[in-house]
Structure formats: C-alpha cells, structure tokens
Amino acid sequence: QVQLVESGGGLVQPGGSLRLSCAASGFPFSTYVMSWYRQTPGKERDLVATITVAGDSTNYADSVKGRFTISRDNVNNTVYLQMNRLKPEDTAVYYCNARNIPVFGIRRNYWGQGTQVTVSS
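The following paragraphs examine the structure supplied in this document. This one's a predicted model, so the numbers in the text were calculated from it and none came from an experiment.

Criteria and cut-off values
- Residues numbered from 1 in each chain as written.
- Predicted model: local features only at pLDDT ≥ 70, side-chain atom pairs only at ≥ 80, totals over all residues.
- Heavy atoms only, no water.
- Helix = DSSP H or I, 4+ residues; strand = E, 2+ residues; numbered from the N terminus.
- Contact = heavy atoms within 4.5 Å.
- Disulfide = S-S within 2.5 Å.
- Buried < 20%, exposed > 50% of the residue type's maximum accessible area, 1.4 Å probe, protein only.
- Phe/Tyr/Trp six-rings, centres within 6.5 Å; stacked < 30°, edge-to-face > 60°.
- Lys, Arg positive; Asp, Glu negative; His and termini not counted.
- Salt bridge = Lys/Arg side-chain N within 4 Å of Asp/Glu carboxyl O.
- Polar contact = N/O pair within 3.5 Å; in protein donor to acceptor, adjacent residues only side chain to side chain.

**With respect to the environment of Val-12**
Within the secondary structure, Val-12 sits in strand β2 (residues 10–12). Residue contacts for Val-12: discarding those within four places in its chain leaves Ser-17, Leu-18, Leu-86, Thr-118, Val-119 and Ser-120.

Here is the structure:
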C-alpha cells in the first residue's frame, strides 16, 4: 500500500528551525518527483518546494527561498524539508507529495496526511 508518513511538525518560535520528514513506501520512490505543500485554513494548498527524481535540482516558492531546503534520500525512501528562520506566516499544515513521471499519459499523485507547523511566540 502506498504510504507517505510525515513527521517533525510542531510548535516553534519565530526565527527557529524545524526539519520535516516524509517516509515513503509502496511505490518506486526513486522514480517520483517529491514536493512539499502547505495549507492554512480557508486557503488553497500551495507548493513550497520540489525536488527532482535524482535530487539534482530543486525549486522553491519565493516566500521560503533561502530559508527552506528540500532534500531526498533515495536509499531510505525519505524526503526532508529543513526549515530555518521560521516566520509566523509559515504556520500551516505541511503535506508531502509524490508525483510520477507520466508514462503513456498515466499520472500518479500521492499525498501524505499532513503535519502541523505552528510558528508563534
């Protein structure tokens, strides 16, 4: 069964750091693009960071660029989001996402359950 299990969320003060982890199983992790999204109540889910299949390229939302780092471990089937210099506006539920490279138009898209990150004094 496909599973994306997130961990590492919690309460942190502004300026602090957290590292989110997403443990993947049930699919060929090393062939999937991995991303982190976040969502606040009443808002759409926004892309935060993306990392390529081989981990050789990353992309970030402007709001987190320079503060967040996405990485992946294709041996242990885990993707990470290192979050530094956190701001109150980073408060959200963070979701792990896995997306395959389409083959003959077949697309697969998996989501984790989400983990709450709260940045507050």
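**As for the state of the cysteines**
Counted according to the given criterion, the structure contains one disulfide. Across a sulfur-sulfur distance of 2.2 Å, Cys-22 and Cys-96 are joined as a disulfide pair. Looking down the S-S bond of the Cys-22 and Cys-96 bridge, the torsion is -85 degrees, so its handedness is left-handed. Highlighted residues: Cys-22 in strand β3 (residues 18–25) and Cys-96 in strand β9 (residues 92–100), separated in sequence by 74 residues. Here Cys-96 falls in the buried class, since its relative accessible area comes to 0%.

**A short note on the packing of aromatic side chains**
By the definition in use, this model includes six aromatic pairs. Their ring planes at 65 degrees and their centres at 4.9 Å tell us that Tyr-37 and Trp-111 sit as a pair that is edge-to-face. Of this pair, Tyr-37 sits in strand β4 (residues 32–39) while Trp-111 sits in strand β10 (residues 109–111), and the two are 74 residues apart along the sequence. A relative accessible area of 35% means that Trp-111 is categorised as partly exposed. Taken together, a centroid distance of 6.5 Å and an interplanar angle of 85 degrees make the contact between Tyr-95 and Trp-111 edge-to-face. Here the residue Tyr-95 occupies a position in strand β9, and Trp-111 occupies one in strand β10, the gap between them amounting to 16 residues.

**A word on the side chain of Arg-72**
Here Arg-72 shows up in strand β7 (residues 68–73). No salt bridge is formed by the buried Arg-72; the nearest opposite charge belongs to Asp-56, separated by 8.2 Å. Polar side-chain contacts of Arg-72 include one of 2.9 Å to the backbone oxygen of Thr-52. Within the structure, Arg-72 has its side chain in polar contact with the backbone oxygen of Val-53 (distance 3.4 Å). Setting aside chain neighbours within four positions, we find Arg-72 in contact with Phe-29, Ser-30, Tyr-32, Val-33, Met-34, Ile-51, Thr-52, Val-53, Gly-55, Thr-78 and Val-79.

Keep in mind these values describe shape, not function.
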